[in-house]
Amino acid sequence: MGTTMSDLFDFKSRQRRFAVVGHPVLHSKSPQIHDAFARQCNVSLSYDAIALDPIAFEQGVRNLQAGGVAGINVTLPFKEAAFRLADEVSERAQFANAVNTVSFSDDDHIAGDNTDGIGLVRDLQENLGIACTGARILIIGAGGAARGIVQPLLQSNPDCVVIANRTVSRARELVASMDSPDRVHPCGLDDVNEAFDLVINATAASLSSQVPALSESVFHPGSHAYDLAYADQPTAFMRWALGLGAVRAVDGLGMLVEQAAEAFWIWHGQRPHTAPVISALRSGGC
Ligand code: ATR
């Protein structure tokens, strides 16, 4: 059967559809970021922010899939649920126990990946020029955010990685679940009494403008501080770190854009330039 005018019309108007799902999600910058990447790479897509009901996450995802959505990014609180729902997951998602990027295929298959950790490492090394290789790295926190970044950080060959958590048993459990537990040292916040080259805040403390109760000796004059959280103003952790002599303190906006760029690569096979998008977001829009 030949192509009809209406087929042509459908073909021309058909945009691949994507979305970020979360609860809440309206604050998400992902639609702006993916729209900016799409303009840059000349890709036709639509990208929405969709709030899903936490008690019906799976049904919500299946509805999007049935409705022709090609892929979704998953944000809080659904990353672990997306991991359980996926038919197949990447190695990095497997370690993180969490999925932030889902690709749907025509046969109802759900593939899950996790681009958070690579997003952090790219922001640190490529955008900010902060070397992870050979560095002494302190990760504060042992929840889902810490789990998502520890393996990619190890792959950049740091000198050492310490995971310090308010509840020390969680730090121990996280390290015990790793393939190479001898390369990471768990401890409580009180046990940290030395300085690190890079201190990463992976706790939820910034969300309530709190700072983890850590010894002030974690910073030396060349230390960098990185908060996975981001806000319009410097976070409490960033201000605290600068006050204690860190040479630089950065928020997680660059990581957000880099994890999105990796998702864009997975879905569209193109790598967008992230620097213009990061600077546009910093100045209030894309
Ligand atoms: P996420 O997925 O964002 O990591 P999570 O799994 O609930 O969320 O983990 C939150 C992390 O922030 C934990 O490491 C938590 O410490 P506990 O395991 O002791 O609860 C940490 N956290 C939250 N608020 C904190 C605070 N005010 N000070 C220090 N750590 C805090």
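Look up a bit, the structure's there.
These remarks concern the structure in this document. (Residues numbered from 1 in each chain as written. Predicted model: local features only at pLDDT ≥ 70, side-chain atom pairs only at ≥ 80, totals over all residues. Heavy atoms only, no water.)

## Considerations on the pairing of strand E5 (residues 101–104)
Formally: The cut-offs for exposure are 20% and 50% of the maximum accessible area for each residue type, with area from a 1.4 Å probe on protein chains only; residues under the lower value are buried, those over the upper are exposed, and the others partly exposed. Helical segments are the DSSP runs of H or I of at least four residues, strand segments are the runs of E of at least two, and each set is numbered from the N terminus. Strand pairing is assigned whenever DSSP detects at least two bridges linking the two strands.
Neither face of E5 is open: one carries Thr101 and Ser103, the other Val102 and Phe104, and all of them are buried. Bridge analysis of E5 against strand E6 (residues 110–113) gives 4 bridges, and the strand direction is antiparallel. When the sheet's bridge partners are listed, Phe104 is paired in E6 with Ile110. Linking E5 to E6, which pair antiparallel, is a turn of 5 residues; within it Asp108 sits at a positive phi near 70 degrees.

## Considering the layout of surface pockets
Left-over empty space is what a probe sized like a water molecule reveals as it rolls over the atoms. Here is the rule: A 1.4 Å probe that fits into a set of points on a 1 Å grid over the protein atoms alone but cannot get out defines a cavity; an open set with protein on both sides within 12 Å along at least five of seven lines defines a pocket, and lining residues are those with an atom within 4 Å of a point. Grid points are joined across faces, edges and corners, and a volume is the space filled by probe spheres set on the points. Residues were grouped as follows: Ala, Val, Leu, Ile, Met, Phe, Trp, Tyr, Cys and Pro as nonpolar; Asp, Glu, Lys and Arg as charged; and all remaining residues, including Gly, as polar. Where each domain begins and ends follows an automated or database-derived domain assignment.
Here the second largest pocket defines a volume of roughly 270 Å³. Lining the second largest pocket are 15 residues, and of these Glu91, Arg92, Phe95, Gln151 and Gln155 sit closest to its centre. Of all the elements in the fold, those that place two or more residues in the lining of the second largest pocket are helix H5 (91–96), helix H6 (116–127) and helix H7 (144–155). Broken down by class, the residue content of the lining of the second largest pocket amounts to 5 nonpolar, 6 polar and 4 charged. When residues of the lining of the second largest pocket are sorted by domain, at least three fall in each of domain 1 (5–114 + 256–282) and domain 2 (117–251).

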